[in-house]
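Examining the three-dimensional arrangement
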Amino acid sequence: MGEVIDLDPQQQKLFLRNGELAYDSLIVATGVESHYFGNDNWAEVAPGLKTVEDALEMRRRIFLAFEAAERKPIQKNVVLG
């Protein structure tokens, strides 16, 4: 891991703060942000999955949903359809 300070595509080299790194293929990802298609209020109920913290929050919500489902009484004589 390192901080990239420059790039030379002709020589296929990355220049890092602490040295150089040659590459055969390079994919550069500049970062992402969650998009809610103009419904930004969805962010509270639909967390993104961009960070470890997001993943932990999603896991917490899933576990809470399972625990709530376990406490619900089973309904008998329910007619479907």
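Our subject is the structure listed above.
Just so you know, the residues in each chain are numbered from 1, in the order the chain's sequence is written. Note on the predicted model: pLDDT of at least 70 is required for a residue's local features to be given, and 80 or more for side-chain atom pairs to be given and counted; whole-chain, interface and lining totals, by contrast, use all residues. As a convention, hydrogens and water are excluded, and side-chain values are obtained from all of the structure's heavy atoms.

**A look at the sheet that holds strand β3 (residues 19-22)**
Strands qualify as paired when DSSP identifies two bridges or more between them. Runs of H or I in DSSP of at least four residues are treated as helices and runs of E of at least two as strands, each being numbered from the N terminus. One open sheet holds the three strands; their spatial order is β1-β2-β3, and the pairing between them is antiparallel. This sheet does not close on itself; its edge strands, each paired only once, are β1 (4-8) and β3. Taking each pair of neighbouring strands and ignoring which way they run, the sheet shows an average axis angle of 20°. Taken together, the four bridges between strand β2 (residues 13-16) and β3 define a ladder with antiparallel strand orientation. Bridge pairing in β3 places Leu16 opposite Gly19. Angles here are taken between N-to-C directions and fall from 0 to 180 degrees, while the axes themselves are lines fitted to C-alpha atoms, restricted in helices to the stretch in contact.

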